[in-house]
Amino acid sequence: MSEFLELAGGNPGRSGHRLSVAAGRIIFDARQAVADLFNVADPLRVIFTPNATHALNLALRGLLRPGDRAVCSGIEHNAVMRPLRALERQGVQLTVVPCAPNGSLDPAELARAVIPGTRLIVLAHASNVMGTILPVGAAAAIAHSAGALLLVDAAQTAGVLPIDMPALGIDLLAFTGHKGLLGPPGTGGLVLGQGVDIAGLEPLVRGGTGSQSQRQEQPDDLPDKYESGTPNGVGIAGLAAGIRFLAQRGVESVRADELALARALIEGLTAIPSVTVYGPADLDQRTAVVSFTIAGWRVSEIGQRLDDEFDILCRVGLHCAPAAHRTMSTFPEGTVRLAPGRFTTLEEIRRTVEVVREIAEV
Amino acid sequence: MVGVFLFHTTSAAFRAEKLLKDAGLAVKLIPTPRQFSSDCGIALQLDWSETERAQSLLADVALEHAGLHRIS
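Going along each chain's sequence as written, the residues are numbered from 1 onward. For this description, chains carry letters from A and ligands carry numbers from 1, given in the order in which they are written. Side-chain atom pairs in this predicted model are given and counted only at pLDDT of 80 or more, local residue features only at pLDDT of at least 70, and totals for whole chains, interfaces and linings cover all residues.

Caption draft 1: Here's a closer look at the overall build of chain A. The secondary structure listing takes helices from DSSP runs of H or I that are at least 4 residues long and strands from runs of E that are at least 2 residues long, numbered from the N terminus. A tally of regular secondary structure across chain A gives twelve helices and eleven strands. Radius of gyration: over C-alpha atoms. The globule rule applied is 2.2 Å multiplied by the number of residues raised to the 0.38 power. By the compact-globule yardstick of 21 Å for 362 residues, chain A fits well, its C-alpha radius of gyration being 21 Å. If one aligns the C-alpha atoms of chain A with their principal axes, the spans along those axes are about 70 × 55 × 30 Å. Here, residues touch in the contact sense if the C-beta positions derived from the backbone fall within 7 Å of one another. Here the analysis covers contacts within chain A between residues at least 6 apart in sequence; of these, 67% occur between residues at least 24 apart.

Caption draft 2: Looking closely at the sheet that holds strand β5 (residues 149-153) of chain A. All names here are of chain A. Here, any two strands with at least 2 DSSP bridges between them count as paired. The strand order across the open sheet built from seven strands is β1-β7-β6-β5-β4-β2-β3, with neighbouring strands paired in mixed fashion. Either end of the sheet is taken by a strand with one partner, and the two such strands are β1 (46-49) and β3 (93-97). Ignoring which end each strand starts from, the neighbouring axes of this sheet average 20° apart. Of the pairings in the sheet, the one linking β5 to strand β6 (residues 172-176) comprises three bridges and is parallel in character. When the sheet's bridge partners are listed, Val152 is paired in β6 with Leu173. Axis geometry follows a simple rule: fit a line to the C-alpha atoms, using only the stretch in contact for helices, then measure angles between N-to-C directions, giving values from 0 to 180 degrees.

Caption draft 3: Broad picture of the environment of Gly10(A). Residue and element names in this part refer to chain A. Along the chain, the position of Gly10 falls in the loop between α1 (2-8) and α2 (18-37). Backbone-placed C-beta atoms define the burial measure: a residue is buried with 20 or more other C-beta atoms within 10 Å of its own, exposed with 12 or fewer, and partly exposed in between. Residue classification places Gly10 among the partly exposed residues on the basis of 19 C-beta atoms within 10 Å. A sequence separation of 13 residues divides Gly10 from Ala23, and the C-alpha atoms of the two residues are 5.7 Å apart. If near-sequence neighbours (up to four positions away) are discounted, Gly10 is found in contact with Ser15, His17, Leu19, Ser20, Ala22 and Ala23.

Caption draft 4: A look at the domain arrangement of chain A. Residue and element names in this part refer to chain A. Reported domain spans reflect what an automatic or database domain assignment gives. You can read the domains of chain A as domain 1 (2-249) and domain 2 (251-361). Elements that contribute at least two residues to the side of domain 1 that touches domain 2 include exactly α4 (78-89) and α8 (233-249). Class assignment of the residues belonging to the side of domain 1 that touches domain 2 gives a composition of twelve nonpolar, 13 polar and two charged. Gly counts as polar in this scheme, as do all residues outside two lists: the nonpolar Ala, Val, Leu, Ile, Met, Phe, Trp, Tyr, Cys and Pro, and the charged Asp, Glu, Lys and Arg.

Caption draft 5: Structural detail: the pairing of strand β1 (residues 2-5) of chain B. All names here are of chain B. Relative to strand β3 (residues 42-47), β1 runs antiparallel, the two being bridged by four bridges. Each residue of the ladder has a partner; that of Val2, found in β3, is Asp47. Where β1 meets strand β4 (residues 68-71), four bridges bridge the pair, whose relative direction is antiparallel. The residue bridging Val4 from the neighbouring strand is His69, located in β4.

Caption draft 6: Focus on the environment of Glu348(A). Residues and elements named next belong to chain A. Note that Glu348 resides in helix α12 (residues 346-361). The partly exposed category is assigned to Glu348, around which 16 C-beta atoms lie within 10 Å. C-alpha separation for the pair Glu348 and Ile312, spaced 36 residues apart in sequence, amounts to 9.1 Å.

Written as structure tokens, this is what we have:
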């Protein structure tokens, strides 16, 4: 990021001078890093956006027209549900397939909802509330057999689970830079698989791209069709650094480390009698995001005590995902959510469990 | 004598630069000469003798260019 500010700092694509070219090259390297991470052959099919929400809006509002049918799961984040509900008011037909209380989605139920004429299946790769991993590979097969596309919200899983887009059959993948990819906030993107015909994907924002400036119409070329206006070059440089760090260590290794922490956290919390832990018991079916409640305690009080007295930072409430909380019957109170990452230590997890026990047993 | 490839987007020019450099070709990004395009942006310059190989490398990955020009 400081390299971008100190040595580049030009506006990529707007000029041929050396600083503009240096900035453009940094952004291209980031595009290549994202493409490599998700095993996408063409880096020009990586569209940078300010965050995953923007990427999801681009995909949903760019693809769906009145009369189209879309199918999503019952645990989607509001970054998916709010655009979908707005599109529904404009004539898009939406089917929400319920999930089990632990967040899992039965592919057979999904298949029943995907009737001929369905344009799009939208799935969170994993729940942001209880960590449940949804069956995106099975969903891709279901989508493709019905002539539909699969959009995956990978906000929770990019950099956390290995994601091979062609192997899984994912057509569109929305990601954020500031979570598992270890980048700064204000970065994210939408990756388009080879099966997505961009003629059918309208841009969300139109404007200057630095290309085809003689035309007043938006260019049709990737990635410029979807990247108008000055990009967040500093942030994208940081995102590339995060992905390079991750690639050195390997996503599988990060996954193994996080699961070890999640196992200790879940086992520790589950052993406390008044604590309820949500999500699948099988660690292979989940990420390290762990939601819990303590009988008799408001989640806001637990969160405040963890922060004020113990320096443990968590997020309490509904986590922008009311659908997930209804699924696990924690609506409207919500849960306390802990999310160990690759820089969390086992010692910190043990201490957290002891602290929760202390709160629960007073 | 050099050849100059034009591209529809700067991202495509950077992709071509990486691809051709990785294949061992001596390429250089230059500001697009005004006589070739009313567009702003960058172009890729290389020795004319290597343009045929470059074209085939770009075609291998279906990377579209917006014209190849010869400058003496």
